[in-house]
Amino acid sequence: QVQLIESGGDLVQPGGSLRLSCAASGSNINTYNMGWYRQAPGKQRDMVALITRAGTTTYADSVKGRFTISRDNALNMMYLQMNSLKPDDTAVYSCYAQQILSSGVGNDYWGQGTQVTVSS
């Protein structure tokens, strides 16, 4: 029952930087695995970066070394720092949260998405 709201999407030039934010409400994210996904028009939604409850991170090969995912559990926030942006990074970026119950069952939650456009 967590609600996720993304912000920070914008139009930027190639080589530029952008920081996306995900604000969670309704539940504390310290018990959730979190991540960022993106979807370009006509394409499937792909994983960009993941961060577990323990703080371990995973990145798609296409963004490794350029993007950094982080979380601030005290503020119920998650971030994606995006550097050296390329036109291929253009997509709607969505915040993701995974709740794992004691039973082992997992629940998935998604934000509405924020548009990132990289163009000259």
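Look up: the structure comes first, before these words.
On a predicted model such as this, the values are computed, not experimentally measured, just so you know. (Residues numbered from 1 in each chain as written. Predicted model: local features only at pLDDT ≥ 70, side-chain atom pairs only at ≥ 80, totals over all residues. Heavy atoms only, no water.)

S.K.: Provide a residue-level description of the pairing of strand 5 (residues 46-51), including the pertinent values.
M.R.: Relative to strand 5, strand 4 (residues 32-39) runs antiparallel, the two being bridged by five bridges. Note that in strand 5 the partner of Gly-35 across the bridge is Leu-50. In textbook terms, the turn of a hairpin is the stretch between consecutive antiparallel strands, and for strand 4 and strand 5 this stretch comprises six residues, one of which, Gly-42, has a positive phi near 75°. The turn linking strand 5 back onto strand 6 (residues 57-59) is made up of five residues, and Gly-55 within it adopts a positive phi angle of 95°. (Pairing = 2+ DSSP bridges. Helix = DSSP H or I, 4+ residues; strand = E, 2+ residues; numbered from the N terminus.)

S.K.: Describe the side chain of Asn-33, naming the residues involved and giving the relevant values.
M.R.: By the secondary structure assignment, Asn-33 is in strand 4. Within the structure, Asn-33 has its side chain in polar contact with the backbone nitrogen of Arg-53 (distance 2.9 Å). When residues no more than four places from it in sequence are discounted, the contact partners of Asn-33 are Ile-51, Thr-52, Arg-53, Arg-71, Tyr-96, Ala-97, Gln-98 and Ile-100. (Polar contact = N/O pair within 3.5 Å; in protein donor to acceptor, adjacent residues only side chain to side chain. Contact = heavy atoms within 4.5 Å.)

S.K.: Lay out the pattern of salt bridges in plain terms, naming residues and giving numbers.
M.R.: Evaluation of the coordinates by the stated rule reveals three salt bridges. Across the pair Asp-89 and Arg-38 runs a salt bridge whose closest N-O atoms are separated by 2.9 Å. Of this pair, Asp-89 sits in the loop between strand 8 (77-82) and strand 9 (91-100) while Arg-38 is found in strand 4, placing the two residues 51 residues apart along the sequence. Looking at Asp-89, the relative accessible area reads 2%, which means it is buried. For Asp-61, the salt bridge goes to Lys-64, with nearest N and O atoms at 3.6 Å. Assessed through its relative accessible area of 52%, Lys-64 is described here as exposed. By sharing partners, the salt bridges in this structure join Arg-38, Arg-66 and Asp-89 into a single network. (Salt bridge = Lys/Arg side-chain N within 4 Å of Asp/Glu carboxyl O. Buried < 20%, exposed > 50% of the residue type's maximum accessible area, 1.4 Å probe, protein only.)

S.K.: Can you break down the environment of Gly-16 residue by residue, with the values?
M.R.: Its place among the elements puts Gly-16 in the loop between strand 2 (11-12) and strand 3 (18-25). On a C-alpha basis, the gap between Gly-16 and Thr-68 in space is 14 Å, while along the polypeptide they are 52 residues apart. Beyond its immediate chain neighbours, meaning those up to four positions away, Gly-16 contacts Met-82, Asn-83, Ser-84 and Leu-85.

S.K.: I'd like to hear about the sheet that holds strand 7 (residues 67-72), residue by residue, with values.
M.R.: Strand pairing in a sheet relies on backbone hydrogen bonds, with the paired strands running either antiparallel or parallel. One open sheet holds the four strands; their spatial order is 1-3-8-7, and the pairing between them is antiparallel. The open sheet has two edge strands, strand 1 (3-7) and strand 7, and neither has a second partner. Averaged over neighbouring strand pairs, the angle between their axes works out to 15° when direction is ignored. Across six bridges, the pairing between strand 3 and strand 8 is antiparallel. Counterpart to Arg-19 in the pairing with strand 8 is Gln-81. (Axes fitted to C-alpha atoms, helices over the stretch in contact; angles between N-to-C directions.)

S.K.: Which residues make up the state of the cysteines, and what values do they have?
M.R.: Here a disulfide denotes one covalent bond, and it connects the sulfur atoms of two cysteines. Scanning the entire structure with this criterion turns up one disulfide. Each sulfur in the disulfide pair Cys-22 and Cys-95 lies 2.0 Å from the other. Classification of the bridge connecting Cys-22 and Cys-95 rests on its S-S torsion, roughly -75°, and on that basis the disulfide is left-handed. Of this pair, Cys-22 sits in strand 3 while Cys-95 sits in strand 9, and the two are 73 residues apart along the sequence. Look at Cys-22 and you get buried, because its relative accessible area is 1%. With a relative accessible area of 0%, Cys-95 lands in the buried category. (Disulfide = S-S within 2.5 Å.)

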